[in-house]
Every structure is written in structure tokens, then in C-alpha cells.
Amino acid sequence: MDEQILQFFDRYPDAIPLYEKFEKCVEDLVPEVRIKVQKTQISFYNRHMFACVSFAGVRRKKDCPDCYIVVTFGLEHKAESPRIDIATEPYPNRWTHHVLISELEEIDDELMGWIREAAEFSDRK
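Note that the coordinates shown come from a computational prediction; the quantities given were computed from them, not determined experimentally.

A word on the sheet that holds strand β2 (residues 41-45)
If you walk across this open sheet you meet the 6 strands as β1-β2-β3-β4-β6-β5, and the pairing is antiparallel. For this open sheet the edge positions go to β1 (34-37) and β5 (86-91), each flanked by a neighbour on one side alone. Neighbouring strand axes in the sheet, compared pairwise and without regard to direction, differ in orientation by 20° on average. Of the strand pairs in this sheet, β5 and strand β6 (residues 94-101) are connected by 4 bridges, and their pairing is antiparallel. In the sheet register, Ala-87 faces β6, and the bridge partner there is His-97. On the sheet, helix α2 (residues 16-29) packs against β1, β2, β3 (49-54), β4 (69-75) and β6 and is oriented at approximately 10° with respect to β2. Seen against the sheet, helix α3 (residues 109-124) touches β3, β4 and β6 and runs at an angle of roughly 45° to β4.

Here it is, written out as C-alpha cells:
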């Protein structure tokens, strides 16, 4: 694993398996994906950024599991699901969605369908 990614997870090492599975699934969906590690997030790009992993505060701390990542992605519409913690529309027809992931099984077809759609949306911009 890349040294920058290990540093990103320095305070949350138990979340590394969640990230590794997510990254592998993204690479399988978007072969040309570029990954950029930043201070507060790991971003996934094709033509533009389409998703990121962070520890964003999408829930109150007491409502968060001990081990988790937050997957954020952008779509041209609001996705409706009880799994989505927050969805905002920062620009017309551009919705940002945040999903808290705490189990490997949550990186599933539904989540990866949103990621595929986000990558396609990003590539069209």
C-alpha cells in the first residue's frame, strides 16, 4: 500500500481494510482512475473528481461506529436510500452524497452502482 495512504489512516488503522476493498472495487469499475491523497480525503478522478473517502462528520460522534470510512460521490440527481447520510445540492443538478461505511459487506452493488454513475457523470462534465 502507498505510504501516503498509510499516513492518511495513521489515526484509524482499523479502517484500512474498508478502504482497500473500496479502492479495488473502484479500480475494477474505472480502470483509468487516478487517486490523490490529500490531508482530509483520498480523491478518485477520471476527467474530474467523482468520489472520495474521508472521515467527514456525517453523523454525531456518538452515533458513529468505532471503525468506518465516509464515501462521498456526486450525481446529477438526488439518490434516495436510507444508506445515504447526507445529500446536498451545491449547484443545480449536481448532488453530493455521503455514505458511512463500517462493514466490508456495505461495499456492495448498490454503492458501486452509485460510484459507476458518479464516474460517468464526472466524465461527461
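After presenting the structure, the write-up continues.
Points about the packing of aromatic side chains
Here a ring pair, both rings aromatic, is described through the centre-centre distance and the interplanar angle of the planes. Considering all chains together, one arrives at 9 aromatic pairs under this definition. Between Phe-8 and Phe-9, the ring centres sit 5.2 Å apart and the planes meet at 80°, which makes this aromatic pair edge-to-face. Comparing Phe-8 with Phe-9, the two get one shared label, buried. Arranged with centres 5.4 Å apart and planes meeting at 45°, the rings of Phe-9 and Tyr-19 form a pair that is tilted. One end of the pair, Phe-9, is in the loop between α1 (3-8) and α2; the other, Tyr-19, is in helix α2, with 10 residues separating them in the sequence. This pair shows no difference in class: Phe-9 is buried, exactly as Tyr-19 is. Connected via pairs of aromatic rings, a cluster forms that spans Phe-8, Phe-9, Tyr-12, Tyr-19, Phe-22, Phe-44, Phe-55 and Tyr-68.

What counts, and at which threshold
Residues numbered from 1 in each chain as written. Predicted model: local features only at pLDDT ≥ 70, side-chain atom pairs only at ≥ 80, totals over all residues. Heavy atoms only, no water. Pairing = 2+ DSSP bridges. Helix = DSSP H or I, 4+ residues; strand = E, 2+ residues; numbered from the N terminus. Axes fitted to C-alpha atoms, helices over the stretch in contact; angles between N-to-C directions. Contact = heavy atoms within 4.5 Å. Phe/Tyr/Trp six-rings, centres within 6.5 Å; stacked < 30°, edge-to-face > 60°. Buried < 20%, exposed > 50% of the residue type's maximum accessible area, 1.4 Å probe, protein only.

Shape is all these values report; function is a separate question.
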